[in-house]
Each structure stands twice: as C-alpha cells, then as structure tokens.
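Topology and contacts: notes
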Amino acid sequence: MPSQQLLSSAAPTASGSASAKTLDLSSDLVVYAARLMRLVRRTLDLPASVRVLTILDAIGPLGITELSRADGCSQPTMSAQIAQLVETGLVTKTPNPADARASLVTLTDAGRADLAEVRDRISRLIAERLESRNRTEAELEAAVAVLRDLVEGDSPTVS
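Residues numbered from 1 in each chain as written. Predicted model: local features only at pLDDT ≥ 70, side-chain atom pairs only at ≥ 80, totals over all residues. Heavy atoms only, no water.

The name given to the chain in an unreviewed UniProt entry is DNA-binding MarR family transcriptional regulator, with Nocardioides panzhihuensis as the source organism.

Here it is, written out as structure tokens:
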C-alpha cells in the first residue's frame, strides 16, 4: 500500500466499480506511459525546455507564474529556462497588458519550428519502435484513442 505521504487528500480514489483487471491495466498504462516519455527524452536527449515550448504551443502566452505552475517547477527554475529560451530566440517576453509588473512569454516562429522538429523526431522514433515490434496502425489508433479519451478535457499541458 502506498505511503500516505505520497497520496494527496485531493487525489481521486477508485469508486469500487472497476474490476481488478481494469485497475491493474490502468496502473500499467500510467507506468508504461511514463516509461515511454523517459525513453523518448533519454533517446533523443531532449532538454527540459521542450516542455515549456509544448505548454506555450498548447495554451498560448503565459506569465512565469502560470508557466511554472503548468510545468510543476519553481518560479526561479522557470525564469532561468525562459531567459535561455529568450536568448536563443525560441520565445519572447513582452509586458503583460493585464499586469504592468509581469511579462507574458510567447512562442516565436523559431520556437514553433523547433518544436515541430522535435515532434517529428519523436514520431520517427516511435514509428521505428512500433514497426520493429510488428504493431499495426489499428493497434496504434486504439492506443491513441484511449490516451486521448483519458486526457480530453484536462489541461492541455499534459503532453
């Protein structure tokens, strides 16, 4: 049984209607989805800043506070990432019209192009792995449909 320290009181609990097999498969889905993302990051040596570009692409311009919240990191960590992304021209910082003390971070065309290239590399990696395991397009469509249904309606920062 998991430690109570790992469980948030706000975490959803099982309703009791799911079968043991469904609960086991649900757990496996989460474990393997996380392992897949680690494999992709490790194989392609993706920097953490890709997550920031993905968030901005999905949501649009955000302030540092909102970005750090969406990414699950501290504001100082996000500020450092944004400074590096501004320096490389992948994002811009502009005054926030709603709050003169804050800035809005926006994805640039170069940032969109970089993100498209990263997504292409990820797609090719996954396609190669699927082909080497003789998985069909129908199986892939089913897997994508399940994942899409699970995240639909939730924050677009989950990618």
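Next comes the rest of the description.
1. Brief notes about helix α5 (residues 109-132)
For α5, with 24 residues, the first-to-last C-alpha span of 35 Å sits near the 34 Å given by 1.5 Å per residue. Buried residues of α5: G111, L115, V118 and L125, and no others. Looking at the residues trailing α5, positive phi occurs at N134, about 55°. (Helix = DSSP H or I, 4+ residues; strand = E, 2+ residues; numbered from the N terminus. Expected span 1.5 Å × (residues − 1). Buried < 20%, exposed > 50% of the residue type's maximum accessible area, 1.4 Å probe, protein only.)

2. Focus on the pairing of strand β1 (residues 91-96)
Strand direction decides the pairing type here: β1 and strand β2 (residues 99-107), joined by six bridges, are antiparallel. Within the sheet, the bridge partner assigned to N96 lies in β2 and is D99. Counting the residues in the hairpin turn of β1 and β2 gives two residues. (Pairing = 2+ DSSP bridges.)

3. Comments concerning a nonpolar patch on the surface
On the surface, L29, V146, L147, L150 and V151 cluster together into a nonpolar patch covering about 380 Å² of accessible area. With four residues, helix α6 (residues 137-151) is the largest single contributor of residues to the nonpolar patch. On the basis of relative accessible area, L150 is assigned to the exposed category, the value being 51%. (Patch = residues over 30% accessible without salt bridge, like charges linked within 9 Å, V, L, I, M, F, W, Y side chains within 5 Å. Areas by Shrake-Rupley, 256 points an atom, 1.4 Å probe, with all protein chains shown as cover. Salt bridge = Lys/Arg side-chain N within 4 Å of Asp/Glu carboxyl O.)

4. Digging into the pattern of salt bridges
For the structure on display, the rule yields six salt bridges. R51 is the salt-bridge partner of D71, the closest N and O atoms lying 2.8 Å from each other. Separated by 20 residues along the polypeptide, D71 in helix α3 (residues 64-71) and R51 in helix α2 (residues 49-59) bring together distant segments of the chain. Here R101 and D99 are joined by a salt bridge, their closest N and O atoms 3.1 Å apart. The exposure class assigned to R101 is exposed, which follows from its relative accessible area of 77%. Since its relative accessible area comes to 24%, D99 is described here as partly exposed.

5. A few points about the side chain of T108
Counting through the fold element by element, T108 comes out in the loop between β2 and α5. Look at T108 and you get buried, because its relative accessible area is 15%. For T108, the side chain forms a polar contact with the main-chain oxygen of G89, separated by 2.7 Å. Those residues in contact with T108 that lie beyond four places of it in its chain are G89, L90, V91 and T92. (Polar contact = N/O pair within 3.5 Å; in protein donor to acceptor, adjacent residues only side chain to side chain. Contact = heavy atoms within 4.5 Å.)

6. What about the environment of P76?
Residue placement: P76 occurs in helix α4 (residues 75-87). Sequence separation of P76 and I64 is twelve residues, and the distance between their C-alpha atoms is 9.0 Å.

7. Some points on the nonpolar core
Soluble globular proteins tend to pack their nonpolar side chains together in the buried interior. Ranked by size, the top nonpolar core spans 21 residues in total, and within it L56, L67, I82 and V91 carry the most contacts. When contributions to this core are tallied by element, the ones reaching two or more residues are α1 (20-44), α2, α3, α4, β2 and α5. By residue number, the principal contributor to this core is α2, which donates five residues. Contact partners of I82, with chain neighbours within four places excluded, come to V52, I64, L67, V91, K93 and V105. (Core = buried A, V, L, I, M, F, W, Y, C linked by side-chain atoms within 4.5 Å.)

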